[in-house]
Amino acid sequence: RPHCRLNARTSLNHMPTKVYVTGVSRGLGKAVAEKFLKEGYAVIGIGRSSDIHHEHYSFQACDLNLTSDLENIQFDETSEEIVLINNAGQIGNIQRISDQQTPDFEEVLRVNTLAPMYLSWVCLNQAKGAVKIANISSGAATRAIPGWAAYCASKAALDRFSETLQLEETEK
């Protein structure tokens, strides 16, 4: 059940919980953003593009592969609670390492691992209220899949980061 319900007097700026979702252009990220909107939350999409139109939706354009774009992301410091869903992902070249003409390891690791780490850090440092972070992983994090080396490695690293972050925040 949502923590906040919308009524005629509720504005996006005064909603107690704001949900940030990366990778909202299609697929799971778009579906998650739309689900939270239907449940009455203010949603802020983060990504390269978005075609979601809703009065309680806003969008921060960001190429998660670019540090300069990540540095411009802002989280609402006045929210009672921020939910960050790091959903964006990139599979990359689906080829055996030895068959790749140009490896894309860096790009896959930046989008799947480093961007969620950075956004988590920014969120935790900007937020004044409660923070909940969900990093979307994959079964590829727990097993090797030929041709998916970078993706498997990036999701395994994201899982370990998530586990470590949870332990650190629990210790506070």
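What you see is a predicted model, and the numbers here were worked out from it, not measured in a lab.

A. Highlighting the nonpolar core. Judged by nonpolar contacts, the single largest core of 16 residues is most densely connected at Y20, L64, F75 and L119. For this core, the elements supplying multiple residues, two or more each, are β2 (42–47), β4 (81–86) and α3 (105–126). Top element by residues in this core is α3. It accounts for 4 residues. Discounting residues that sit within four places of it in the chain, L64 has contacts with T22, I46, L70, A88, R110, V111, A115 and L119. Judged by nonpolar contacts, the second largest core, of 12 residues, contains V19, L37, Y41 and Y57.

B. Spotlight on the sheet that holds β2. With respect to topology, 5 strands assemble into an open sheet ordered β3-β2-β1-β4-β5, the strand pairing being parallel. Only two strands of the sheet have a single partner each, and these edge strands are β3 (57–61) and β5 (130–135). Strand-to-strand twist in this sheet, taken as the mean axis angle between neighbours without regard to direction, amounts to 15°. The sheet contact formed by β4 and β5 spans 6 bridges and is parallel. Residue I82 lies in a different strand from β5, and its bridge partner there is V131. Of the strands in this sheet, β1 (17–22), β4 and β5 touch α3, which is tilted by about 175° from β4.

C. Structural view of the pairing of β4. Most of β4 is tucked away, with 6 of its 6 residues classed as buried. Across the two faces of β4 the burial is the same, with E81, V83 and I85 and I82, L84 and N86 all buried. One crossover worth recording links β4 to the parallel β5 by way of α3, and it is right-handed.

D. Here's a closer look at a nonpolar patch on the surface. On the surface, I97, F105 and L109 cluster together to form a nonpolar patch covering roughly 230 Å² of accessible area. Inspection of the secondary structure puts F105 in helix α3.

Cut-offs applied
Residues numbered from 1 in each chain as written. Predicted model: local features only at pLDDT ≥ 70, side-chain atom pairs only at ≥ 80, totals over all residues. Heavy atoms only, no water. Core = buried A, V, L, I, M, F, W, Y, C linked by side-chain atoms within 4.5 Å. Buried < 20%, exposed > 50% of the residue type's maximum accessible area, 1.4 Å probe, protein only. Helix = DSSP H or I, 4+ residues; strand = E, 2+ residues; numbered from the N terminus. Contact = heavy atoms within 4.5 Å. Pairing = 2+ DSSP bridges. Axes fitted to C-alpha atoms, helices over the stretch in contact; angles between N-to-C directions. Right-handed = clockwise from strand over helix to strand, strands pointing away. Patch = residues over 30% accessible without salt bridge, like charges linked within 9 Å, V, L, I, M, F, W, Y side chains within 5 Å. Areas by Shrake-Rupley, 256 points an atom, 1.4 Å probe, with all protein chains shown as cover. Salt bridge = Lys/Arg side-chain N within 4 Å of Asp/Glu carboxyl O.

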